[in-house]
Amino acid sequence: VQLQASGGGLVQAGGSLRLSCAASGRTFSNYVMGWFRQAPGKEREFVSGITWSGGSTYYADSVKGRFTTSRDNAKNTVYLQMDSLKPEDTAIYYCAAPKKLRLDLISRASAYDYWGQGTLVTVSS
């Protein structure tokens, strides 16, 4: 699976961005998809995850209520809608997919096998 993230940019605090992650290769709809982010000097952290059907979504506490993940399996694309952005959301955002995943491990970066190249989100105060 090849993953290509896009949609990052510079936005003021309180603004919105929508990230996209286009997948190619194996059957996209078979995969749980995750979003992670890494700020300068910090470890990569889980942001959100979505099951193969889109029926279940998972969020880090820091983004719950502000971010929404969705997917369109017909377009092999997963999205991350980010609203009410804060300066602390500034990071490189990555989409990822695992070969196989127990849902209790959805927030663990080590459980994912395929990673996109990342897209930079900068939120100014």
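Before any of the text, the structure's been laid out above.
This structure is a prediction, so every number in the text was calculated from the model and none was measured.

## Points about the state of the cysteines
And then number 1: Inspection of every chain in the model, using the stated rule, returns one disulfide.
And then number 2: Across the disulfide from Cys21 sits Cys95; the S-S distance is 2.1 Å. Judged by the torsion about the S-S bond (65°), the Cys21/Cys95 disulfide is right-handed. A residue pair is termed long-range when its members are at least 10 positions apart, and Cys21 in strand S3 (residues 17–24) and Cys95 in strand S9 (residues 91–97) qualify at 74 residues.
And then number 3: You can call Cys95 buried: its relative accessible area is 0%.

## Some thoughts on the nonpolar core
For soluble globular proteins, the rule of thumb is that nonpolar side chains tend to be buried together.
And then number 1: In terms of nonpolar packing, the biggest core is built from 37 residues, with Leu3, Met33, Trp35, Phe67, Leu80, Met82 and Tyr93 touching the most fellow members.
And then number 2: The leading source of residues in this core is S9, at five residues.
And then number 3: Ignoring sequence-local partners within four residues, the contact set of Leu3 consists of Cys21, Ala22, Ala23, Met33, Cys95, Ala96, Ala97, Tyr114, Trp115, Gly116 and Gln117.

## Some points on the sheet that holds strand S7 (residues 67–72)
And then number 1: What the four strands build is an open sheet, ordered S1-S3-S8-S7; its pairing is antiparallel. With one partner strand each, in any of the chains shown, strand S1 (2–6) and S7 form the two edges of the open sheet. Between one strand and the next, the sheet's axes are offset by a mean angle of 15°, whatever the strand orientation.
And then number 2: For S1 and S3, the ladder comprises five bridges, and the chain directions are antiparallel. Looking at the pairing, Ala5 lines up with Cys21 of S3.

## Structural notes on the packing of aromatic side chains
And then number 1: A full pass over the atoms with the stated rule returns six aromatic pairs.
And then number 2: Aromatic pair Phe36 and Tyr112: ring centres 5.0 Å apart, planes at 80°, arrangement edge-to-face. Here Phe36, found in strand S4 (residues 33–38), pairs with Tyr112, found in the loop between S9 and strand S10 (114–115); they are 76 residues apart in sequence, far enough to count as distant.
And then number 3: Here the guanidinium or amino end of Arg44 rests over the ring plane of Tyr94, the centre of that ring lying 3.9 Å away.

## Some points on the environment of Gly34
And then number 1: Checked against the element boundaries, Gly34 lands in strand S4.
And then number 2: Residue classification places Gly34 among the buried residues on the basis of a relative accessible area of 0%.
And then number 3: It is 9.7 Å that separates the C-alpha atoms of Gly34 and Tyr59, two residues lying 25 residues apart in sequence.

## What about the pairing of S3?
And then number 1: Across six bridges, S3 lies against strand S8 (residues 77–82) in antiparallel orientation. Residue pairing for S8: Leu17 is matched across the bridge by Met82.

Scoring rules and cut-offs
Residues numbered from 1 in each chain as written. Predicted model: local features only at pLDDT ≥ 70, side-chain atom pairs only at ≥ 80, totals over all residues. Heavy atoms only, no water. Disulfide = S-S within 2.5 Å. Helix = DSSP H or I, 4+ residues; strand = E, 2+ residues; numbered from the N terminus. Buried < 20%, exposed > 50% of the residue type's maximum accessible area, 1.4 Å probe, protein only. Core = buried A, V, L, I, M, F, W, Y, C linked by side-chain atoms within 4.5 Å. Contact = heavy atoms within 4.5 Å. Pairing = 2+ DSSP bridges. Axes fitted to C-alpha atoms, helices over the stretch in contact; angles between N-to-C directions. Phe/Tyr/Trp six-rings, centres within 6.5 Å; stacked < 30°, edge-to-face > 60°. Lys NZ or Arg CZ within 6 Å of the ring centre and 35° of its normal.

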